[in-house]
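Single-letter residue listing:
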Amino acid sequence: MGEITQTTMCIFWAVAIIVFGIAEAVTAQLVSIWFVAGSIAALIAGLCNAPIIVQVVLFLAVTIIALVITRPLVKKYITPKKEATNADKVIGQIGVVTEEINNINATGQVKVDGKIWTARSLENKIIPNGDEVIIDRIEGVKLIVTNK
């Protein structure tokens, strides 16, 4: 086996930049952009005839530094924020059961704030028609309630 040349390493880093760049473009989740930065640093070191070990260490160092510096910022701007909706205002309110709530039979409706909602019992108890309930949370389009 021959020795790894600087030209081979420069080609390797150039290919790494392309592969990581394509992976980033395909996923759009900011999972490999830091490797692109590390590969660019290593390529520059290779073009300056730095030893292979220096190129690898530089790749790792720049990748880690870029990740540590930018990840919190990226998470802050990329992470979707939960938007409160008008439906959230029923949480904590009292509603009246208009159809018996029975989780096993997947039945139940509650009227709250002038609207009829599908409802399920938090405690898996049957709640009869006419009972008052407290709305604990919303799961999808269903209210999760407890008997008052």
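What comes next is a walk through the structure.

Analysis parameters
- Residues numbered from 1 in each chain as written.
- Predicted model: local features only at pLDDT ≥ 70, side-chain atom pairs only at ≥ 80, totals over all residues.
- Heavy atoms only, no water.
- Core = buried A, V, L, I, M, F, W, Y, C linked by side-chain atoms within 4.5 Å.
- Buried < 20%, exposed > 50% of the residue type's maximum accessible area, 1.4 Å probe, protein only.
- Helix = DSSP H or I, 4+ residues; strand = E, 2+ residues; numbered from the N terminus.
- Contact = heavy atoms within 4.5 Å.
- Salt bridge = Lys/Arg side-chain N within 4 Å of Asp/Glu carboxyl O.

Counting residues in hydrophobic clusters, the biggest one holds twelve residues: V90, V97, I101, V110, V112, W117, A119, I127, V133, I135, L143 and V145. At the level of elements, β1 (94–102), β2 (107–112), β3 (115–121), β4 (132–139) and β5 (142–147) are the ones that each hand at least two residues to this core. When neighbours within four sequence positions are excluded, V90 is seen to be in contact with V112, D113, W117, I135, I138 and L143. Formed by nine residues, the second largest nonpolar core is a distinct cluster that contains A16, I17, V36 and F59.

This next bit is on the pattern of salt bridges. As enumerated under the stated definition, the model contains four salt bridges in all. Residues K115 and D113 are paired through a salt bridge, measuring 3.9 Å at the closest nitrogen-oxygen approach. The class of K115 is partly exposed, set by a relative accessible area of 47%. Judged by its relative accessible area of 38%, D113 is partly exposed. A salt bridge links K148 to E132; its shortest N-O distance comes to 3.2 Å. Taken together, the residues span a long stretch of sequence, with K148 in the segment after β5 and E132 in strand β4 at a distance of 16 residues.

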